[in-house]
Amino acid sequence: MPNKTMHRARGANAAVEDYLASCGEKGHPPDIVTMVAVAWLGGVAGNLPDYLDDPARGPSHRGWAHSLEAYGFLHGLYIKARKEGRTVEAAVLRAAMTHHEEDAQTPAGLPSLLEILFRRFFN
Ligand SMILES: [Zn+2]
């Protein structure tokens, strides 16, 4: 099960990779200060769903911020930012998506909003 440190590292890595890929596509050299900022922001974004859904509540803490729909929303924003050349924003969104990708590989997986609502009202 990924912990806070793993999510932070994966988010930072994904953000830097995405930033470097964007720089390559645009044909301009990466800026080291921007890259460090992107790594830090990516580390924070990698834990974003856990800041919104308190993990102290145990494995069933996965609420709306961990939902499939939240992942889809972030993905949509990421594609739009990438298309419009907003490099840093795209890198940070990509980092936030890694949280869902890692949590989806655990036995609890990612719930849909419908599942979350059902759990809240019928359990
Ligand atoms: Zn989580």
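Residues numbered from 1 in each chain as written. Predicted model: local features only at pLDDT ≥ 70, side-chain atom pairs only at ≥ 80, totals over all residues.

**Concerning the overall build of the protein**
Broken down by element type, the protein carries six helices and zero strands. Each principal axis of the C-alpha distribution contributes one length, and for the protein these read about 55 × 25 × 20 Å. Residue burial in the protein is summarised as follows: out of 123 residues, 34% are buried. Long-range pairs, those at least 24 residues apart, make up 71% of the contacts in the protein with a sequence separation of at least 6. (Helix = DSSP H or I, 4+ residues; strand = E, 2+ residues; numbered from the N terminus. Buried ≥ 20, exposed ≤ 12 C-beta atoms within 10 Å, placed from the backbone. Contact = placed C-beta atoms within 7 Å.)

**What to know about the packing of helix α1 (residues 4-26) against helix α2 (residues 32-45)**
With their axes 7 Å apart at the nearest point, α1 and α2 run at an angle of 140 degrees to one another. Accordingly, the angle class assigned to the pair α1 and α2 is oblique. You can see that α1 and α2 cross each other, and the crossing is right-handed. On α2, the residues that touch R8, G11, A12, A14, A15, V16 and Y19 of α1 are M35, V38, A39, L41, G42, G43 and A45. The residue makeup of the contact of α1 with α2, split by class, is 10 nonpolar, three polar and one charged. (Axes fitted to C-alpha atoms, helices over the stretch in contact; angles between N-to-C directions. Parallel < 35°, antiparallel > 145°, perpendicular 65-115°, else oblique. Left-handed = near helix turned anticlockwise from the far one by under 90°. Nonpolar A, V, L, I, M, F, W, Y, C, P; charged D, E, K, R; others polar.)

**Thoughts on the nonpolar core**
If you look at the biggest cluster of nonpolar residues, it comprises 20 residues, and the most contacted ones within it are A15, L74, A91, V92, L93, A95 and A96. Counting residues per element, the ones that place at least two in this core are α1, α2, α4 (68-83) and α5 (87-103). Counting residues per element, this core draws most heavily on α5, at seven residues. Apart from residues no more than four positions distant in its own chain, V92 is found in contact with A15, L41, G42 and A45. (Core = buried A, V, L, I, M, F, W, Y, C linked by C-beta atoms within 7 Å.)

**Considering α5**
Taking 1.5 Å of rise per residue, 17 residues should cover 24 Å, and α5 covers 25 Å from first to last C-alpha, within 8% of that figure. For α5, a buried count of 13 out of 17 residues is recorded, marking the element as mostly surrounded by other parts of the structure. (Expected span 1.5 Å × (residues − 1).)

**Remarks on the packing of α2 against α5**
The description of two helices packed together rests on the angle between their axes and the distance between the axes. At their nearest, the axes of α2 and α5 sit 8 Å apart, and the two run at 30 degrees to each other. Considered as vectors, α2 and α5 are oriented roughly parallel to each other. Both α2 and α5 take part in a crossing whose hand is right-handed. Across from T34, V38, L41, G42 and A45 in α2, the residues of α5 making contact are V88, A91, V92, A95 and A96. Each residue belonging to the contact of α2 with α5 can be placed in one class, and the counts come to eight nonpolar, two polar and no charged.

**Re the environment of G11**
Structurally, the position occupied by G11 is in helix α1. We classify G11 as buried; it has 29 C-beta atoms within 10 Å. Residues G11 and V44, 33 residues apart in the sequence, show an inter-C-alpha distance of 7.5 Å. If sequence neighbours within four positions are ignored, G11 has contacts with G42, G43, A45, G46, N47, A95, T98 and H99.

**Observations regarding α1**
In an α-helix, one turn spans 3.6 residues, which is why side chains three or four residues apart end up on the same side. Along its 23 residues, α1 runs 33 Å from first to last C-alpha, staying within 8% of the 33 Å computed at 1.5 Å per residue. Looking only at α1, the buried set comprises H7, R8, R10, G11, A12, A14, A15, D18, Y19 and S22. Contacts from the buried residues of α1 go to α2 and α5. Downstream of α1 by a residue or two, G27 has a phi angle that is positive, lying close to 75 degrees.

These results come straight from atomic positions and should not be treated as a statement about function.
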